[in-house]
Every structure is written in structure tokens, then in C-alpha cells.
Amino acid sequence: MSYDLIIKNANIVDGSGEPAFKGEIAVEDGKIKKIAHKLLKKDATRIIDAEGQLVTPGFIDPHVHEELVVLNNGLFEDFLSQGVTTIINGNCGHSVTPYDARNIYQYMYQNGLISSSAKEVYAKKHPAWNSLAEYFEIVKTKGTNINFGILLGHGTLRWSVMGGSKARKPTNEESEEIKSLIAEGMKQGALGISTGLSYIPSRYAKTEELVEAAAVVAKYDGVYSSHIRYYLGELEAVQEAIEIGKKAGVRVQVSHLTPTAPEAFAEILKASKAGVEIAVDTIPKSSGHCTRKDRMLQFIMALSSELFEKGIEGVKEALQDEEGREKILENTTIFGENPGSIILINTNDPKLELKTVAELAKKVGKEPADFLLDLLADDEQDFTCWLGGLNREDFPGKEYPDQVAFNPLVMVGSDRIFGEPDDPYSWYELFRRGAFPLFFKMMSDKGVKLEEIVRRVSSLPATHFKLSDRGLLKEGMAADINIIDYNNYHYPNNNQIDYSKPLTNAEGVRYVIVNGKLTLENGVVKTAYAGKCLGLNGKYN
Ligand SMILES: [Zn+2]
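Let us look at the structure shown here. (Residues numbered from 1 in each chain as written. Predicted model: local features only at pLDDT ≥ 70, side-chain atom pairs only at ≥ 80, totals over all residues. Heavy atoms only, no water.)

## Things to note about the overall build of the protein chain
Right, on to step 1. If you tally the helices and strands in the protein chain, you get 19 helices and 22 strands.
Right, on to step 2. Against the globule reference of 24 Å for 541 residues, the protein chain gives a C-alpha radius of gyration of 23 Å, in line with a compact fold.
Right, on to step 3. Along the three orthogonal principal directions, the C-alpha set of the protein chain runs to about 80 × 55 × 50 Å.
Right, on to step 4. The 541 residues of the protein chain split such that 60% are buried.
Right, on to step 5. A sequence separation of at least 24 residues applies to 75% of the contacts in the protein chain between residues at least 6 apart.
Right, on to step 6. A total accessible area of about 21500 Å² is found for the protein chain, and carbon and sulfur atoms account for 49% of it.
Right, on to step 7. If you average the places of the 62 positive and of the 75 negative side-chain charges in the protein chain, the two averages end up 5 Å apart. (Helix = DSSP H or I, 4+ residues; strand = E, 2+ residues; numbered from the N terminus. Rg over C-alpha atoms; globule rule 2.2 N^0.38 Å. Buried < 20%, exposed > 50% of the residue type's maximum accessible area, 1.4 Å probe, protein only. Contact = heavy atoms within 4.5 Å. Areas by Shrake-Rupley, 256 points an atom, 1.4 Å probe, with all protein chains shown as cover. Lys, Arg positive; Asp, Glu negative; His and termini not counted. Charge placed at Lys NZ, Arg CZ, Asp CG, Glu CD.)

See the structure below:
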């Protein structure tokens, strides 16, 4: 009998952190059957010569929001071209449960995650579900090229059970309902729970409420993944996550921590040494958000319940009068910390292109915020607001201590966020489709060894999220394998990035094998759809 696949002349970095070695890998029935310096049996349906290439386990992205995208398009070219074979969805408190699909679309819409038209399109195009188990069935029927894990979203649960974003404690009855829904979701194959403590409604939950929720997750061996209360300051917010981990006895994942707070990373390492099971992901490089005008109007609508009631037309009216404008400017977080620093791109007026709001406002003697509101009120103008710009500090940042890069608990999380079906220009981030090659580059520039970088994106997340048959090139493990032309593993840098091309993919990954099936070949994605819905401890949903 022959193998399904043999990879020969491989330079193997197996994900354990141990030194690279030359060898051959045989794949059969979706699993790694044999790894040896020289295989005895040589016949296979397919043989790939990996001479000069790096062979690694498929990478794992613990922080994404692709739970609706998969319904539309299961190809995941953006992930495969980076070598990512597993993604964990349902982060930041947002998830596909509880109750029915309509409830979820409504939640996503009200939180500005999808537009009203997308809400209708999703509901019309895709079968409805009434439970997490039914959602998984839909994903499996549609097919996915990469493995898919799901977290339950505390925000969605709280919002659904309490009938909206209530700034109060749940009643006993509500609290019991939330906990029983968590138990139900865990039984149906969730990997844990996520919180979005900077957002409504999770931010209204006190630590004790979160400990209670996390304790249910711990009972099922799940993880507590948290978008922490960044508004408290990273250190204090991380300390709360650690406290929850201790009190609930749950594994903790701190989401998208930025290296602006090296002391918060140090605190995580300290807690780990003291016995708390904790890890952290970071977005290695971000351009901030690119938000098109229509989407920006939607975010303004979500600023207050009053505007929400009135809809987009109400926002347009508010932009026309003084009182309305004042109300909008009361909360400028959607414009970033400084509206003047917004860069205008994808404009229909070349005079505006790539200019900051501050410089344009100065020319006409206006305040930047006023000038921006004028533009938003002007039906003739079309543009995208680029918040943050290229100068946002990157991981691990020149002025930050190397301890952040060398912290063994730091993994990458791209925070890819679903946008509109078939409309990538509505809202995008320039660098997130390249999070993995950017992480590799930044870490190796800091002197972190290749074997250690690979461990951080494979066995570290696999172990922490209890994906027990992933993250290592080892006999018996699932055959998620990358063959990478490492010298050319690359994503555009600040000078090369093209803001008008939100669909740019990473380069350098030659082959990706997902559960034994060739899913990317010579850099081109195939419709293998071999991805599985992963549960805890090697179970599948
Ligand atoms: Zn988040």
C-alpha cells in the first residue's frame, strides 16, 4: 500500500521549538503517518520535493472573526497564503450563539459589525440555525478550506438573554440562563468563551459575573479569551484577567495586547510562572482602520440610541445642525483619538487623496472635526477614512524591551474581521492579511530563533486551546503542513503597501496541506474544503 503523500528533502521545523532537521514526511488518511530522516517505503500518490524549503506545522490564528465569512466563502485564500490552517473565531465577546440566526445578525448589525444590507443578504442567502451544533452543520455542508474553532461570545449571550445592552447586573434568573447557555454551547463543541470588556454590553459585567461565567467554561476544559478593559490601562486590565483565571480555575488568553505596555506582558509571564495557565496574542502590525464613508455613517448611528432609532437619514440630519453635530462629537472614538490625523483615501476628488483632515481643514480655516463632519454631510463626496495611518507603533517596537519579543507566551493573532459580503472596500485593515509573515520578520529581526517563532504560532496556541492533534509535525498528528519558501515569505512593508488594494495576499508559501489534502499548490488555492470544525482535546464537531 502506498502513502497518500510524501514530502522529501524537507527542512523540518516541527513546532516543538527543537532544532530543525532534514527528513521526509509521509501522510496517510489525513494524518502524519511517518517522519524519518529517510523513509523506507517510497511510493506515494503524490511526492513533493521540498529541497530548499521550510516545512512546518500549519499555523494557528487564535484571534479572528470569520464566523459569517465562512458561510459566504470558505476558500480563505488570505489565511492559506500565510500558512494558517486553523482559525479560532467568536472573539471579543461576539459569537454565532445563542438562539437563532436572526438574533445573531441583529446583534452583529447593532454592533456595527455588518451593515443593514449585509444583514438581509446573509439572512436570505444562508440557512438559518438555532444552535451552535446546527451552525457547525451549515459550515460543514458549505465547506471550509481551513479548520474552524468557535468561542462563545459573552457579549452576544448577555445581550440576548438580557434583551439588549443593559448597564446593570443580570438578575439571578438571567445569570442562570447565561450559564446554562454556556454549558450548552460547550457541550456542542465550543472551545471556550470570549469577552469584549471595552464594548457594550460586556463592559457592564463586573469581575464576579465574569468569574461565574468562566467557571462554567472551566468545567468543560475550555479557555477564557478576553478583549480586556483597555480603558483601565493594560496592566490593570491584564490583572483582572489573571484574577478571573485564578478564581475560576480557567485557562486565560489575553487578546490583541499591544507592546505599548511591556509591563502587561511581564505581568502575564509572572502569572504563568506562578501557575496560572495564560497566554497572549498580539496584532504584529496595524494600519488602523480604513472605513468608507457609508460605514462611518453607520458607526455614527450606533453612537447613541437616539440616532440609532432615527437611522442613517437621522444621522444625515444631525450632521446638518449645530446641536446634532455636538452630540456626534461628544464621542469621537470612532474617529480615532485625533480626527485631524485621519488620512483620506479612495476619494472621488484628487485634491483630497492621501491628505490628512488637519491639513485640509487648515487650508479653509476650519477645525478638523468640523471639516470632517462637513465632508460626511456632503452627498457629493466619497472617501475612506484611514485611521491610525502607517505610523502606528508596531510589534515589538524599537523603544520596547526585547523581553516582549522573547516572552515565550506571545503568539500572533491577526484579528481579521468580517466585512461585507463581496464588498472588501467597506472596512479593512491593511496589514492583517499579512500578520504571520510580519510576525516572523519582526521576531527574527529581534533575534528570536526560527524554531521558537514557529512554536509560537503552532504548538503554543494548539496546547493552550487544547487542539490536541494540531500544532506539531509528529507521527499520529493531523496532517496540517506548510511548505514555505522562507526567503521569500513576505508581506508588503510600509513603503510597499498599497492602500487601494485591500485584497493583497502574503507571498512565499508554496504548498499547504490541510488534514492531508493539498489545499494550496504552487501558491494557488484549491477548493479542497478539507477543513474541520474543531472541538476540544482532538474532538470534531
Ligand atoms: Zn477585540
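Next, the rest of the story.
## Focus on the packing of helix α8 (residues 207–219) against helix α9 (residues 234–248)
Right, on to step 1. Between α8 and α9, the least distance of the axes is 9 Å, while the angle of their chain directions is 50°. By the criterion of interaxial angle, the relationship of α8 to α9 is oblique. Relative to α9, α8 is oriented so that their crossing is right-handed. Of the residues in α9, those in contact with Thr207, Glu208, Leu210, Val211, Ala214, Ala215 and Ala218 of α8 are Glu240, Glu243, Ile244, Lys247 and Ala248. (Axes fitted to C-alpha atoms, helices over the stretch in contact; angles between N-to-C directions. Parallel < 35°, antiparallel > 145°, perpendicular 65-115°, else oblique. Left-handed = near helix turned anticlockwise from the far one by under 90°.)

## Some thoughts on the state of the cysteines
Right, on to step 1. One pass over the structure, following the stated rule, counts zero disulfides.
Right, on to step 2. Free cysteine cysteine 385: the closest other cysteine sulfur is in cysteine 290, separated by 9.6 Å. (Disulfide = S-S within 2.5 Å.)

## Notes on α8
Three- or four-residue spacings in an α-helix give side chains the same orientation, since the helix completes a turn every 3.6 residues.
Right, on to step 1. An ideal rise of 1.5 Å per residue puts 18 Å on 13 residues; α8 measures up with 18 Å between its terminal C-alpha atoms.
Right, on to step 2. When α8 is considered as a whole, its buried residues turn out to be Thr207, Glu209, Leu210, Val211, Ala213, Ala214, Val216 and Val217.
Right, on to step 3. In this structure, the buried side of α8 is in contact with α6 (154–162), α7 (172–187), β9 (192–196), β10 (223–227) and α9.
Right, on to step 4. Just beyond α8, the residue with positive phi is aspartate 221, at close to 70°. (Expected span 1.5 Å × (residues − 1).)

## Topic: the sheet that holds strand β8 (residues 147–153)
Right, on to step 1. Taken together, eight strands build an open sheet; the order of strands is β6-β7-β8-β9-β10-β11-β12-β17 and the sheet is parallel. A strand with exactly one partner marks an edge of an open sheet, and here the two such strands are β6 (59–61) and β17 (410–412). Sheet twist, expressed as the average angle between the axes of neighbouring strands with direction ignored, equals 30°.
Right, on to step 2. Across three bridges, β8 lies against β9 in parallel orientation. Note on β9: the bridge partner recorded for glycine 153 is serine 194.
Right, on to step 3. Each of β9 and β10 touches α8; the most contacted strand, β9, lies at about 155° to it. (Pairing = 2+ DSSP bridges.)

## So, the coordination of the zinc ion
Right, on to step 1. For the zinc ion, the full set of protein donor atoms is Cys92 (SG), His227 (ND1) and His256 (NE2), and the range of their distances to it is 2.1 to 2.2 Å.
Right, on to step 2. Written as a sequence motif, the donor arrangement for the zinc ion is C-x134-H-x28-H. A residue pair is termed long-range when its members are at least 10 positions apart, and cysteine 92 in the loop between β7 (84–89) and α3 (101–110) and histidine 227 in strand β10 qualify at 135 residues.
Right, on to step 3. On the basis of relative accessibility, which here comes to 4%, the residue cysteine 92 falls in the buried class. (Donors = N, O, S within 2.8 Å, 3.2 Å for Na, K, Ca; no water.)

## Points about the packing of aromatic side chains
Right, on to step 1. What the rule picks out here adds up to 14 aromatic pairs.
Right, on to step 2. Ring geometry for phenylalanine 440 against tyrosine 489: centres 5.5 Å apart, planes inclined by 80°, an arrangement best described as edge-to-face. Separated by 49 residues along the polypeptide, phenylalanine 440 in helix α17 (residues 435–445) and tyrosine 489 in the loop between β19 (481–484) and β20 (509–514) bring together distant segments of the chain. Take phenylalanine 440 and tyrosine 489: they sit in the same class, and that class is buried.
Right, on to step 3. Look at tyrosine 486 and tyrosine 489: their rings are 6.3 Å apart centre to centre, the planes differ by 35°, and that puts the pair in the tilted class.
Right, on to step 4. Note on tyrosine 486: relative accessible area 26%, which makes it partly exposed.
Right, on to step 5. Among the aromatic residues, ring-to-ring pairing joins Phe59, Phe436, Phe440, Tyr486 and Tyr489 into one connected group.
Right, on to step 6. Across the ring face of tyrosine 3, the terminal group of lysine 41 is positioned such that the distance to the ring centre comes to 4.3 Å.
Right, on to step 7. Between the NZ or CZ atom of lysine 285 and the centre of the ring of phenylalanine 431, over which it lies, the distance is 4.7 Å. (Phe/Tyr/Trp six-rings, centres within 6.5 Å; stacked < 30°, edge-to-face > 60°. Lys NZ or Arg CZ within 6 Å of the ring centre and 35° of its normal.)

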